[in-house]
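Residues per chain are reported as follows:
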Amino acid sequence: MNTPPTLWEYRLRPEDSGQKYLAILTHKFHFSAKLLQRLKQGERVWVNGKFTYLTARGKEGDRLSVQLFSNEEANIQGEDLPLDILYEDEYLLAVNKPVGQVVHPNRRYPANTLGNAVIGHWERRGENRLFRPIHRIDRNTSGVVVIAKNQFAHQQLAWQLERGHIHKRYLGFVAGVVLENEGVIDDPIGFAPNSFIKRQIQADGMSARTLFRVLHRYPEVTFLEFTLETGRTHQIRVHCEGFGHPLIGDDLYGGSRVLLDRHALHSSMYAFLHPSTGLPIVIRAPFPEDLRSLVIRLKK
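Residues numbered from 1 in each chain as written. Predicted model: local features only at pLDDT ≥ 70, side-chain atom pairs only at ≥ 80, totals over all residues. Heavy atoms only, no water.

A.B. asks: How would you summarise the overall build of the protein if you had to cite specific residues and measurements?
C.D. replies: Secondary structure summary: the protein contains six helices and 16 strands in total. Overall, the C-alpha framework of the protein stretches about 70 × 40 × 40 Å when taken along its three principal axes. Across the 300 residues that make up the protein, the buried fraction comes to 48%. When contacts within the protein are restricted to residue pairs at least 6 apart in sequence, those whose partners lie at least 24 apart make up 64%. For the protein, the centre of its 39 positive side-chain charges and the centre of its 32 negative side-chain charges are spaced 3 Å apart. (Helix = DSSP H or I, 4+ residues; strand = E, 2+ residues; numbered from the N terminus. Buried < 20%, exposed > 50% of the residue type's maximum accessible area, 1.4 Å probe, protein only. Contact = heavy atoms within 4.5 Å. Lys, Arg positive; Asp, Glu negative; His and termini not counted. Charge placed at Lys NZ, Arg CZ, Asp CG, Glu CD.)

Listed below in C-alpha cells is the structure:
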C-alpha cells in the first residue's frame, strides 16, 4: 500500500475482537465525529497494511493504522519572531509565551502574536499546519501555552480539558498578606456591566473554581500558587480581586502598578496525557525575569 510516512497505530486487544473499528476509535480513543468523517472521506485507515472501512469488525492482533498527519493551509500569517520552545514532537508544541504577546491575532493585535510566531516556525521547516492552541492566556500573563499540531491531538486534549484531566498551575503575587495557608475560591464569574472585557463575580455567572496555596509571605505581598479546576476568562484575576487580594500590577481588577507594570501572573505548569501514547507529560515554564526582579525588591 502507499502509506504516509507517519501513522497512528494500535494493536487490537482481546476485548476489541468483534468490535467495529469505528466503535474502537470512538469509545476507546475518543476520536471526534468530525475527525472520523475526514478519515472516511480520505480512505486513511488500514488494517494489517490493507485499506479497510471503519464499519468492518476487527480481531485480536489486528494492526490498525490511521493517517493523521496531512498538510493544511495555515489560517494565519507566519512571521519570523522569537519562539521559546519548551517541548515539541509530531503531535504537540509547547512554548513559553513572553509578557505582552497576544496568543491569537485579532483586530487590535493583527501581527506579532504567538500564532504568527508558531506558524512562521513551522513554515521555515516546510510544514503546513493550522494554529490550534489548546488554551489561551492573557497578553500580560507569561508562561506555558500548548498547541496541537494536528486535528487528532487537538480533539484529544480538548476531550481531556472538558473532563478535568488537564492540570494547570499558575504562580502569582497578590496585594496584602493572605492568612490562610491554602483555600478554595468557588465563585461564579460573568461579564461586568457595560464591558466586553472585564469580568466580575456574580451569582448567575458561570461556575469557576480556583485553588490557592501560599508559597511565601512578604510584609505587604503574598506569593501564591493557583490550580485551576475551571478555565474561565480572567478567572484568577477576578477571584483575587473578589477575595480582597488583587494581583500586583492588575489595575483592571484593583491592583496597583507601583511594583510591576503588568499583572503578576505566570503560567508555570501544564500536565496532561500525551494524545498518542497516553503517558503523562508535564510542561514547565521558567520564572520570567520581571518576576525574579520583583522577588528581589520584595526581599529588601
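A.B. asks: Lay out helix α3 (residues 114-124) with the relevant residues and their values.
C.D. replies: At 3.6 residues per turn, the α-helix brings residues three or four places apart onto the same side. The buried fraction of α3 is high, at nine of eleven residues. Packing partners of the buried residues in α3 comprise β5 (85-88), β6 (92-97) and β8 (142-148). Taking the backbone nitrogen of Gly115 as reference, a side-chain oxygen 3.3 Å away marks Thr113 as the first, capping residue of α3. Among the residues trailing α3, Gly126 stands out with phi positive, at a value near 75 degrees. (Polar contact = N/O pair within 3.5 Å; in protein donor to acceptor, adjacent residues only side chain to side chain.)

A.B. asks: Give a description of the nonpolar core that names residues and reports values.
C.D. replies: Of all hydrophobic cores here, the largest spans 33 residues; its most connected members are Trp8, Phe31, Leu68, Val146 and Phe272. For Trp8, the residues in contact, after removing those within four places along its chain, are Leu25, Phe29, Phe31, Leu64, Ser65, Val66, Leu68, Tyr91, Phe152 and Ser276. (Core = buried A, V, L, I, M, F, W, Y, C linked by side-chain atoms within 4.5 Å.)

A.B. asks: So, helix α1 (residues 21-28): which residues are in play, and what are the values?
C.D. replies: What α1 keeps buried is the set Tyr21, Ile24 and Leu25. All buried residues of α1 project into a common sector of 90 degrees when viewed along the axis, lining one side. Of the residues flanking the end of α1, it is His30, one or two places downstream, whose phi is positive at about 60 degrees. (Arc of directions from axis to C-beta.)

A.B. asks: An account of the pattern of salt bridges is needed here, citing residue identities and associated values.
C.D. replies: Throughout the structure, instances matching the rule amount to 17 salt bridges. Between Arg63 and Glu9 there is a salt bridge, with the nearest N and O atoms lying 3.6 Å from each other. Of this pair, Arg63 sits in strand β4 (residues 63-66) while Glu9 sits in strand β1 (residues 8-11), and the two are 54 residues apart along the sequence. Residue classification places Glu9 among the partly exposed positions, given a relative accessible area of 44%. One salt bridge in this structure joins Lys59 and Asp62, with 3.3 Å as the shortest N-O distance. Here the salt bridges share partners, and the residues they tie into one network are Glu88, Arg125, Glu127, Arg129 and Lys149. (Salt bridge = Lys/Arg side-chain N within 4 Å of Asp/Glu carboxyl O.)

A.B. asks: So what about the confidence of the model for the protein? Which residues, and what values?
C.D. replies: Per-residue pLDDT for the protein has a mean of 92; in total, 97% of the residues score no lower than 70. Note that residues 1-5 has pLDDT below 50 and, in this model, six contacts with residues that lie over four places away or in other chains. (pLDDT = per-residue confidence, 0-100.)

A.B. asks: Could you give me a rundown of the sheet that holds β1, with the residues and numbers involved?
C.D. replies: Across the sheet, which stays open at both edges, the four strands sit in the order β1-β4-β2-β3 with antiparallel pairing between neighbours. Both edges of this open sheet fall to β1 and β3 (50-51), since each of them pairs with a single strand only. Here two bridges tie strand β2 (residues 45-47) to β3, and the two strands are oriented antiparallel to one another. Following the sheet pairing, Trp46 is matched in β3 by Phe51. Contacts between α1 and the sheet are confined to β1, β2 and β4, with β1 contributing the most and set at about 105 degrees to the helix. (Pairing = 2+ DSSP bridges. Axes fitted to C-alpha atoms, helices over the stretch in contact; angles between N-to-C directions.)

A.B. asks: Tell me about the layout of surface pockets, residues and numbers included.
C.D. replies: Taking a probe equal in size to a water molecule and rolling it over the atoms shows the remaining empty space. Put simply, the largest pocket is a space of about 1,300 Å³. Lining the largest pocket we find 43 residues, and of these Ile137, Asp138, Arg139, Thr233 and His234 sit closest to its centre. Among the elements of the structure, β9 (167-175), β14 (221-228) and α5 (235-242) are those that each provide at least two residues to the lining of the largest pocket. Across the lining of the largest pocket, the residue classes break down as 14 nonpolar, 15 polar and 14 charged. Taken as a whole, the second largest pocket spans an internal volume of roughly 280 Å³. Forming the walls of the second largest pocket are 17 residues, and the residues nearest its centre are Phe29, Gln156, His274, Pro275 and Gly278. By residue number, the principal contributor to the lining of the second largest pocket is helix α4 (residues 151-162), which donates three residues. Residue composition of the lining of the second largest pocket, by class: seven nonpolar, eight polar and two charged. (1 Å grid on protein atoms, 1.4 Å probe; cavity = no way out; pocket = protein on both sides within 12 Å on 5 of 7 lines; lining within 4 Å. Points joined across faces, edges and corners; volume = space filled by probe spheres on them. Nonpolar A, V, L, I, M, F, W, Y, C, P; charged D, E, K, R; others polar.)

A.B. asks: Now, about the pairing of β5: what can you tell me, with residues and values included?
C.D. replies: Each regular strand displays side chains that alternate between the two surfaces of the sheet. Two strands pair when backbone bridges link them, and β5 and β6 are joined in this way by three bridges, in the antiparallel orientation. Counted as the bridge partner of Tyr87 is Ala94 from β6.

A.B. asks: Help me get a handle on the side chain of Ser267, residues and values and all.
C.D. replies: By the element assignment, Ser267 lies in strand β15 (residues 265-273). Setting aside anything within four residues of it in sequence, one finds Ser267 in contact with Ile137, Thr141, Ser142, Gly143, Val144, Arg169, Tyr170 and Ala285.

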